[in-house]
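Chain by chain, the residues run as shown.
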Amino acid sequence: MSASELPANHAELMDGVYRWQRHIYDLTRKYYLLGRDRLIAGLDVPPAGTVLELGCGTGRNIVLAARRYPDARFFGLDISAEMLETATAAIAREGLSDCVALARGDATDFDARALFGIESFDRIFVSYSLSMIPGWEKTVSAALAALSPGGSLHVVDFGQQEGLPGWFRTLLRGWLRKFHVAPRESLRDVLESESERTDSTFRFRTLYRGYAWLAVIRQPKG
């Protein structure tokens, strides 16, 4: 999907939200976007593997993953031009421009070959983005369609805080709404259903008493 075909309302909304927030995003989000580093550690990227992050934001996760898996090639997709500007600068600052490519696109409907010149990826991950994407279920389907045989999709996002006090959940939900974030109650069910549809294996973990959910869908080798 080209930039001119992006869903205008959502792209404009994200640019508006993060036009200024992007400058302090990583500093503030490290305190409550929990489980991201655990996701990166579990990618287990094969030698010379390809990795795509959907909703790459400021590039924070790609930078950490590229350091951890220096032989891999990384690709990042985001709908916000503002976030991509920050990500591009961060990747250049870390000297990673040769192994990371970024593109603006819609995570629910993207053409990997048109955007990156590659049809499929060994690993795809989505970190705290499904809770911001309208029609997020389509992102799961699109990601699985873009995996190479034997590849895996890794997801971390807000859970339902099922093991935490009710007052905490109420405060968290109110805070998140300010940034157009909504934890997806059906996330586990959708991921499990998609894994069954694609004859894939499914692993799911709750973190920090349900504050976050971490899942992996691994496709068969073919």
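Any details on the environment of V190? Residues and values, ideally.
Positionally, V190 belongs in helix α9 (residues 187–197). On the basis of relative accessible area, V190 is assigned to the buried category, the value being 17%. The spatial distance from the C-alpha of V190 to the C-alpha of E137 is 7.1 Å, given a sequence separation of 53 residues. In contact with V190, not counting residues within four places along its chain, are W136 and E137.

Help me get a handle on unusual backbone geometry, residues and values and all.
The backbone phi angle of D44 is positive, close to 50°, even though this residue is not glycine. Residue D44 is classed as exposed on the basis of its relative accessible area of 54%. One non-glycine residue, R209, adopts positive backbone phi at about 60°. Accessibility expressed as a relative area gives 55% for R209, which makes it exposed.

About the thresholds
Residues numbered from 1 in each chain as written. Predicted model: local features only at pLDDT ≥ 70, side-chain atom pairs only at ≥ 80, totals over all residues. Heavy atoms only, no water. Helix = DSSP H or I, 4+ residues; strand = E, 2+ residues; numbered from the N terminus. Buried < 20%, exposed > 50% of the residue type's maximum accessible area, 1.4 Å probe, protein only. Contact = heavy atoms within 4.5 Å.

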